[in-house]
Amino acid sequence: TVKCAEKPRRIIIRQASVFPQGLGGLYSQFLTNSGGLREIPPLVGMVDIGYKDCNFSLLRDGEVDNNSSWSVPLGIHSVFTAAMPEISKEYDYELHDVDPAVIPSHYYDDLKEKLQHTINQYWPKQKFPVFSCGGGSYWIKLGEQVEEPVYANAQGFRKLANLKWI
């Protein structure tokens, strides 16, 4: 039940679909704005580098491969947390927030190495295209970055809705 115009309204959802979050980035890459389909490779991966986690999704023949899709609690926040003491010391001031551009590159390299290690564990013989999205993909380069990576998931799921329901 929700309130709409100060009156309680009941919403009934008869059908729902659940998708891995990072898959929206792939849909943004391979679906047109009108819901048309571009050619999708038989096997394609997506790395969604977020603030506090990273999601890895695999499409096999256009379908989600749940056995090869996963999340790890590593995101761009871990870079900020690790770099903050060094930057605070450098400026002799305790920082609570920092511009990502002033963080030394080795912190990003450390996270990229951890994420690449994770990819190597789950996709050991990776010989397929991998795309990246999420705000962290501006700083961590894993695969080819999709257009507008920060909004790619939302745009991709909108395109999917156009394909399936509109």
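Residues numbered from 1 in each chain as written. Predicted model: local features only at pLDDT ≥ 70, side-chain atom pairs only at ≥ 80, totals over all residues. Heavy atoms only, no water.

## A closer look at the side chain of Asp 48
- Mapped onto the fold, Asp 48 is located in strand β3 (residues 43-49).
- Of the side chains with opposite charge, Lys 141 comes closest to the buried, unpaired Asp 48, at an N-O distance of 13 Å.
- One polar contact links Asp 48 to Gln 21, side chain to side chain, over a distance of 3.5 Å.
- At 2.8 Å, the side chain of Asp 48 forms a polar contact with the side chain of Asn 153.
- Setting aside chain neighbours within four positions, we find Asp 48 in contact with Gln 21, Gly 22, Asp 53, Cys 54, Asn 55, Cys 133, Gly 134 and Asn 153. (Helix = DSSP H or I, 4+ residues; strand = E, 2+ residues; numbered from the N terminus. Buried < 20%, exposed > 50% of the residue type's maximum accessible area, 1.4 Å probe, protein only. Lys, Arg positive; Asp, Glu negative; His and termini not counted. Salt bridge = Lys/Arg side-chain N within 4 Å of Asp/Glu carboxyl O. Polar contact = N/O pair within 3.5 Å; in protein donor to acceptor, adjacent residues only side chain to side chain. Contact = heavy atoms within 4.5 Å.)

## Details of unusual backbone geometry
- Not every positive phi belongs to a glycine, and Asp 61 is a case in point at roughly 55°.
- Judged by its relative accessible area of 63%, Asp 61 falls in the exposed class.
- Positive phi is not limited to glycine here, since Glu 148 has a value of about 45°.
- Note on placement: Glu 148 falls in the loop between β8 (144-145) and α4 (152-165).

## As for helix α3 (residues 105-122)
- The terminal C-alpha atoms of α3, which comprises 18 residues, lie 26 Å apart, in line with the 26 Å expected from a rise of 1.5 Å per residue.
- Regarding α3, the residues found buried are Tyr 107, Tyr 108, Leu 111, Leu 115, Thr 118 and Ile 119. Down the axis of α3, the smallest arc covering the buried residues is 115°, so these residues share one side. Along α3, the residues that are exposed and aim more than 90 degrees away from the buried face are Ser 105, Glu 113 and Gln 121.
- Against the buried residues of α3 lie β3, β4 (54-60), β6 (70-72) and α2 (76-91). (Expected span 1.5 Å × (residues − 1). Arc of directions from axis to C-beta.)

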